[in-house]
Amino acid sequence: MDRLLSNIKIAVPEKIYVKDPESSDLGKRIVQHSIILIDDMGFESFTFKKLGHQIDSNESSIYRYFESKHKLLLYLTSWYWSWIEYQLVIETHALNQLEKLSKAIEIVTRSVKEDSNFSHINEVVLNRIIINENSKSFLTKEVDKENQEGYFAVYKRIIHRLRDMITHVNPDYPFPSSLASTIIEASLHQHFLKDHFISITDCGGKSTPTDFLMDLVLKTIKS
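Residues numbered from 1 in each chain as written. Predicted model: local features only at pLDDT ≥ 70, side-chain atom pairs only at ≥ 80, totals over all residues. Heavy atoms only, no water.

1. A closer look at the overall build of the chain
Of regular secondary structure, the chain possesses eleven helices and zero strands. Starting at the N terminus, the α and β elements of the chain follow one another as α-α-α-α-α-α-α-α-α-α-α. In terms of C-alpha radius of gyration, the chain reaches 18 Å, essentially the compact-globule figure of 17 Å for 223 residues. If you line up the chain on its principal axes, its C-alpha atoms span 60 × 40 × 35 Å. Here the chain holds 223 residues, and 45% of them are scored as buried. Counting only contacts in the chain whose residues sit at least 6 apart along the sequence, the fraction spanning at least 24 positions is 69%. Per element, the accessible surface of the chain, about 12,000 Å² overall, is 51% carbon and sulfur. The positive charge centre, built from 27 side chains, and the negative charge centre, built from 30, are 1 Å apart in the chain. (Helix = DSSP H or I, 4+ residues; strand = E, 2+ residues; numbered from the N terminus. Rg over C-alpha atoms; globule rule 2.2 N^0.38 Å. Buried < 20%, exposed > 50% of the residue type's maximum accessible area, 1.4 Å probe, protein only. Contact = heavy atoms within 4.5 Å. Areas by Shrake-Rupley, 256 points an atom, 1.4 Å probe, with all protein chains shown as cover. Lys, Arg positive; Asp, Glu negative; His and termini not counted. Charge placed at Lys NZ, Arg CZ, Asp CG, Glu CD.)

This is the structure in structure tokens:
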């Protein structure tokens with residue numbers, strides 16, 4: 001199984017990048033060090049000039065892979081959600097419907113551990129970026145156009161998977177899509193709160209965002 005997983009390529013919508021960063025050592029270094037820099041300084045302060053200095057490469061070489069830092073953020077978020085999706089597929093296989101939903105909630109809400117199958121990407125650090133910066137990938141004036149172009153296809157697929165699992169457990173529940181998207185966004189929000197605004201969340205210590213959302217969802221859809 002480990003050998004099989006090591007051959008998996010995380011798929012990102014092709015229109016997001018100019019040249020696939022997975023196709024070269026430079027591209028992988030761009031991704032690897034952009035994650036480090038964005039985590040360190042925040043997306044607003046991050047620039048291709050700073051990234052070029054970090055990887056000892058011309059700024060122009062980065063533009064051969066990504067048109068803008070916004071497209072780079074879209075790539076990172078899409079890669080993350082695609083990585084989560086492949087965990088969903090593998091870890092929920094052959095479970096009954098309620099077990100499948102419970103496992104899926106766990107996967108999309110749990111604290112992230114580094115995955116040795118992708119050596120150039122630190123998933124723990126990338127997860128912090130997703131918690132802090134994910135909404136910046138779509139809270140833009142271009143969101144409708146980018147949605148039509150398929151930039152958010154992976155993110156939407158995960159929500160659709162959760163929606164279908166909710167419906168399979170309770171076909172009569174009237175808001176499966178809304179609940180599925182709430183699981184994703186509430187998880188990110190609760191992880192943010194427990195790190196920065198601990199007085200307004202019960203998550204932290206013994207209680208986790210997974211505990212909260214598992215309780216919320218299963219009680220909500222109980223028939």
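2. Here's the deal with empty space enclosed by the protein
On inspection of all chains with the given rule, the structure shows two cavities of 30 Å³ or more. Within this model, the largest cavity holds a volume of roughly 80 Å³. In terms of lining, the largest cavity is formed by 13 residues, of which the most central are Tyr80, Val108, Arg110, Asn127 and Ser187. Of all the elements in the fold, those that place two or more residues in the lining of the largest cavity are α5 (69-91), α6 (97-109) and α10 (176-196). (1 Å grid on protein atoms, 1.4 Å probe; cavity = no way out; pocket = protein on both sides within 12 Å on 5 of 7 lines; lining within 4 Å. Points joined across faces, edges and corners; volume = space filled by probe spheres on them.)

3. With respect to helix α7 (residues 123-133)
Within α7, eight of the eleven residues are buried, leaving the element largely enclosed by the surrounding structure. Structurally, α7 contributes buried residues whose contacts are with α2 (25-41), α5 and α10. The N-cap residue of α7 is asparagine 122: its side-chain oxygen and the backbone nitrogen of valine 124 are 3.0 Å apart. (Polar contact = N/O pair within 3.5 Å; in protein donor to acceptor, adjacent residues only side chain to side chain.)

4. Points about the layout of surface pockets
The computed volume of the largest pocket comes to approximately 240 Å³. The greatest single-element share of the lining of the largest pocket, amounting to six residues, is contributed by α5. Looking at the lining of the largest pocket, its residues break down into seven nonpolar, three polar and five charged. (Nonpolar A, V, L, I, M, F, W, Y, C, P; charged D, E, K, R; others polar.)

5. What to know about the nonpolar core
Residues Tyr75, Trp79, Trp81 and Trp83 are the most contacted members of the largest nonpolar core, which totals 62 residues. Taken together, the elements giving at least two residues each to this core come down to α2, α3 (48-55), α5, α6, α7, α9 (153-169), α10 and α11 (209-220). For this core, the leading source of residues is α5, giving twelve residues. With residues near it in sequence (within four places) discarded, tryptophan 79 still touches Ile10, Val12, Glu22, Phe118, Ile121, Glu123 and Leu126. (Core = buried A, V, L, I, M, F, W, Y, C linked by side-chain atoms within 4.5 Å.)

6. Topic: the side chain of threonine 77
You can see threonine 77 is positioned in helix α5. Setting aside residues no more than four positions away along its own chain, threonine 77 makes contact with Ile130, Asn134 and Ser137.

7. Describing the pattern of salt bridges
Here the structure, examined in full by the defined rule, presents 14 salt bridges. Here lysine 136 and glutamate 44 are joined by a salt bridge, their closest N and O atoms 2.6 Å apart. Here glutamate 44 lies in the loop between α2 and α3 and lysine 136 lies in the loop between α7 and α8 (143-148), a separation of 92 residues in the sequence. Here arginine 163 makes a salt bridge to aspartate 164, at a shortest N to O gap of 3.0 Å. What you see here is one network of salt bridges that share partners, running through Glu91, Lys103, Glu106 and Arg110. (Salt bridge = Lys/Arg side-chain N within 4 Å of Asp/Glu carboxyl O.)

8. Quick word on the confidence of the model for the chain
Across the chain, the average pLDDT comes to 93, with 96% of residues at 70 or higher. Counted against residues more than four places away or in other chains, residues 1-6, with its pLDDT under 50, gives five contacts. (pLDDT = per-residue confidence, 0-100.)

9. Considerations on the packing of α10 against α11
α11 packs onto α10 with a crossing angle of 155° between their chain directions and a minimal axis gap of 9 Å. With respect to their mutual orientation, α10 and α11 come out roughly antiparallel. Considering how the two elements wind past one another, α10 and α11 form a crossing that is right-handed. In this structure, α10 contributes Leu179, Ile183, Ala186, Ser187, Gln190, His191 and Lys194 to the contact, and α11 contributes Pro209, Phe212, Leu213, Val217 and Thr220. Tallied by class, residues from the contact of α10 with α11 come to seven nonpolar, four polar and one charged. (Axes fitted to C-alpha atoms, helices over the stretch in contact; angles between N-to-C directions. Parallel < 35°, antiparallel > 145°, perpendicular 65-115°, else oblique. Left-handed = near helix turned anticlockwise from the far one by under 90°.)

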